[in-house]
Every structure is written in C-alpha cells, then in structure tokens.
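# An overview of the molecular structure
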Amino acid sequence: MYQTQRPSRSEFVTIRTLQYHVRRWGDASASPTGAPLVLAHGWMDVGASYQFVVDALSEAFFQGRQIIAPDWRGFGLTAPPTPADHYHFADYLADLDQLLDHYAPGQAVDLVGHSMGGNIAMLYAGVRPQRIRRLVNLEGFGMPASQPSQAAARYAQWMDDLRRLERGEITLKGYDSADGVARRLMKTNPRLSPDKAQWLAQHWARPDAQGQWHILGDAAHKIVSAQLYRVDETLAIHSAIAAPTLAVQASDDSMGQWWKGRYTLAEFHERLKVVPDCRTAVVQDAGHMLHHDQPQAVAALIEHFLWDKKH
C-alpha cells in the first residue's frame, strides 16, 4: 500500500448544523508563514484524495503552511443533512464560506478545487473575491449551456428522481472488500497504481457490520439538479474574480468523453476569457483524476503559481 510522506490528522467542526470532517496537514503548533491552502475535492471523492499532491510539495513550500481539505456535505466523513433527498449547489458555497471563517478568519486563502470542487472554487472566488488570494481550478469545466425551454423537463426529471430514490432505485454499489473498492477505482482510472488504489480505498469507503464496503457518498448526490445551469449567470460571477487564476486541464480530453461534442474544451477556454487574470496549463499523461495520475506535476504547478517570496 502507498506510504504517506506527510501524515494528516482528522477533525470535525460544526458548520451550518453539520459536523464537517476536515483533513489537515502541517504542524498545528507552528505559526503559519504563508496563506492557508484549501483543497476542495470533486464529486464522489474525499479530501484525502489530495494526499499524493501534498506529499509531492517541496519542503520549503510545505513548512509553516496550514493545508486543509474538507469532505463536502454527504461525502467522506461529513454526514449528509437529515433528512436529505437532494443537494443544492449553493450550499457548498455557504459551507466553504463558514469553513474559511473558522480556519482563516479575516485572511485571504489560496484555493485549489478539482472537478466539482473547481466549479465551487470559481463561483466562490467571484462571490467573495476578497477571501481568495490565488485560485487553481483543476478540471472544473462547468456544464453545457442550457435553454429556458428545458426547465419544465428538468423539474419533472428532478421530481421523478426523488421518487426513484425513495423506492431504492438510486443507490451506490457495495463491495465485498477493500480490494474490491480498489479494483473499482483502477477500473475508473486505469492510470491509478495498485498501491495508491489500495490507500484510497481505505478513505473512499468503509465496511458495515457485515463486512460489506460502501462508498462514503450519499446516493442523493445522484439526483439531478432541479435548476438548469445558466452560463450567463456563471460568467457574470466569474468576471468578478479578483484573484490570479490558473486553470489546469489533463492531456486526456475529459470533456470529449463526457459530453460528446455538446460542450467542448474550446467553449470552456472561451468562457475563461471573462476571468480578469487567468492563465492555463496542461498536465501531460493524465486523465480527469490528474492529481492521482501526476501528483508531482500538479504539485509543481500549484507551488509555482502560489509561491510568494514574501512567505
């Protein structure tokens, strides 16, 4: 199994009535010498997913820096709201806002987000521009454009999904062992090495009393959003981002695999033009889970972009 180079510790903080699980790296007793680094994970992932990147950071960058990675509500060890049969995207922004109030009151942070976490990070940076010093978006592309004419069908799909969840038709698959979870991770990401898959499986899932392993994610996350993705609204928020921004994509075309031409990398780069100070980078020999595939390259990009000699 993968051997971590920089151990983390877990803690729980009360955020909006939820006991939020947060993974922290670094010496808690040391006085921070750099902006806190906040790592936001993606859909059906956990904060521990960033372990490989944290291990790859240089000693000079790591020393004296507070690094935190929360598990979003209903993922990892952060329990879902009770009851929960669906999730609103805006809740992630409010959760992040209060997490920053707890860990970095009155201080701007460096924010890194992957996939869904990248979309959250981009929106939050536009809504609270004063809270973000620098922003890194790892494969957080947003969604295809929608039309108002699609709204009625979307609401109907949302209501139908709620009933399917109640009937037990929307679930997350269980596994007989941690090895089964690891094999599932490697099937989804063929670049993931067995040692990393075994390590991730221990954080991505847990066994029940009967020894069946279950993914640490609420099945209600699979319910379609009742609201359409409104590109004009998103771009208006992105245009308010004040922090220097780095948008990182993998050499594999995740967009092409997912959307089959409905939404392309070219469209994503066109949207990025509204961000006042944005540059882009590509990680070679990597897929969507680029922080697993090439953690050294991702760490180097983050470190170079965030580095401030004053720190």
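Described below are features of the structure shown in this document. (Residues numbered from 1 in each chain as written. Predicted model: local features only at pLDDT ≥ 70, side-chain atom pairs only at ≥ 80, totals over all residues. Heavy atoms only, no water.)

### Describing the sheet that holds strand β10 (residues 245-250)
By way of backbone hydrogen bonds, the strands of a sheet pair with one another, either parallel or antiparallel. Taken together, the eight strands give an open sheet; going across it, the order is β1-β2-β4-β3-β5-β6-β10-β11, and neighbouring strands pair in mixed fashion. Only two strands of the sheet have a single neighbouring strand rather than two, namely β1 (8-15) and β11 (278-283). Going across the sheet, the axis of each strand differs from the next one's by a mean of 20°, ignoring polarity. When β1 meets strand β2 (residues 18-25), the two strands line up antiparallel, connected through eight bridges. Residue pairing for β2: Phe12 is matched across the bridge by His21. (Pairing = 2+ DSSP bridges. Helix = DSSP H or I, 4+ residues; strand = E, 2+ residues; numbered from the N terminus. Axes fitted to C-alpha atoms, helices over the stretch in contact; angles between N-to-C directions.)

### Quick notes on helix α10 (residues 265-272)
Among the residues making up α10, those that are buried are Leu265, Phe268, Arg271 and Leu272. What you see down the axis of α10 is that its buried residues fit within an arc of 115°, all on one side. Contacts from the buried residues of α10 go to α4 (116-127), β6 (132-138), α8 (231-238), β10, α9 (254-259) and β11. (Buried < 20%, exposed > 50% of the residue type's maximum accessible area, 1.4 Å probe, protein only. Arc of directions from axis to C-beta. Contact = heavy atoms within 4.5 Å.)

### Quick look at the environment of His88
Relative to the helices and strands, His88 is located in the loop between β4 (67-70) and α3 (89-103). Engagement of the side chain of His88 in a polar contact is seen with the side chain of His86, the distance being 3.2 Å. (Polar contact = N/O pair within 3.5 Å; in protein donor to acceptor, adjacent residues only side chain to side chain.)

### A look at the sheet that holds strand β7 (residues 174-175)
In space, the three strands of this open sheet follow the order β7-β9-β8, with antiparallel pairing throughout. The open sheet has two free edges, formed respectively by β7 and β8 (205-207), since each of these has just one partner strand. Strands in contact with helix α7 (residues 194-204) are β8 and β9 (213-215); relative to β8, the strand with the most contacts, it is inclined by about 70°.

### Concerning the packing of aromatic side chains
Tallying each qualifying case throughout the model produces eight aromatic pairs. Aromatic side chains Tyr2 and Trp199 sit 6.4 Å apart centroid to centroid with 75° between the ring planes, which places their arrangement in the edge-to-face category. With Tyr2 in the segment before β1 and Trp199 in helix α7, the pair connects residues that are 197 residues apart, well separated along the chain. Residue classification places Trp199 among the buried residues on the basis of a relative accessible area of 9%. The ring of Phe52 carries the charged tip of Lys196 above its face, separated from the ring centre by 5.1 Å. (Phe/Tyr/Trp six-rings, centres within 6.5 Å; stacked < 30°, edge-to-face > 60°. Lys NZ or Arg CZ within 6 Å of the ring centre and 35° of its normal.)

### A closer look at unusual backbone geometry
Omega for the peptide link from Thr82 to Pro83 comes to -10°, which places this bond in the cis form. One non-glycine residue with positive phi stands out, namely Ser115, at about 55°. Inspection of the secondary structure assignment puts Ser115 in the loop between β5 (109-114) and α4. Residue Glu139 is not a glycine yet carries a positive backbone phi of 55°. Relative to the helices and strands, Glu139 resides in the loop between β6 and α5 (151-166). Note on Glu139: relative accessible area 2%, which makes it buried.

### Focus: the side chain of Asp91
Residue placement: Asp91 occurs in helix α3. Aside from chain neighbours lying at most four places away, what touches Asp91 is Arg16 and Arg73.

### Thoughts on the side chain of Lys196
Within the element layout of this structure, Lys196 appears in helix α7. For the buried Lys196, which has no salt bridge, the nearest side chain bearing the opposite charge is Asp195, at an N-O separation of 6.3 Å. Here the side chain of Lys196 touches His292 through a polar contact of 3.5 Å, landing on its backbone oxygen. Setting aside residues up to four positions removed in sequence, Lys196 forms contacts with Tyr2, Phe52, His292 and Pro295. (Lys, Arg positive; Asp, Glu negative; His and termini not counted. Salt bridge = Lys/Arg side-chain N within 4 Å of Asp/Glu carboxyl O.)

### Focus on the pattern of salt bridges
Per the stated rule, a full pass over the model turns up 18 salt bridges. Across the pair Arg24 and Glu11 runs a salt bridge, and its minimum N-O distance is 3.2 Å. One end of the pair, Arg24, is in strand β2; the other, Glu11, is in strand β1, and 13 residues separate them in sequence. For Arg24, a relative accessible area of 16% corresponds to the buried category.

### A look at the nonpolar core
Across soluble globular proteins, nonpolar side chains have a tendency to be buried as a group. In this structure, Trp72, Leu96, Ile132, Leu135 and Val181 are the most contacted members of the largest nonpolar core, which totals 68 residues. By residue number, the principal contributor to this core is α4, which donates seven residues. Discounting residues that sit within four places of it in the chain, Val181 has contacts with Tyr175, Ala201, Trp204, Ala205 and Trp213. Residues Leu37, Ala286, Val298 and Leu306 belong to the second largest nonpolar core, which totals 26 residues. (Core = buried A, V, L, I, M, F, W, Y, C linked by side-chain atoms within 4.5 Å.)

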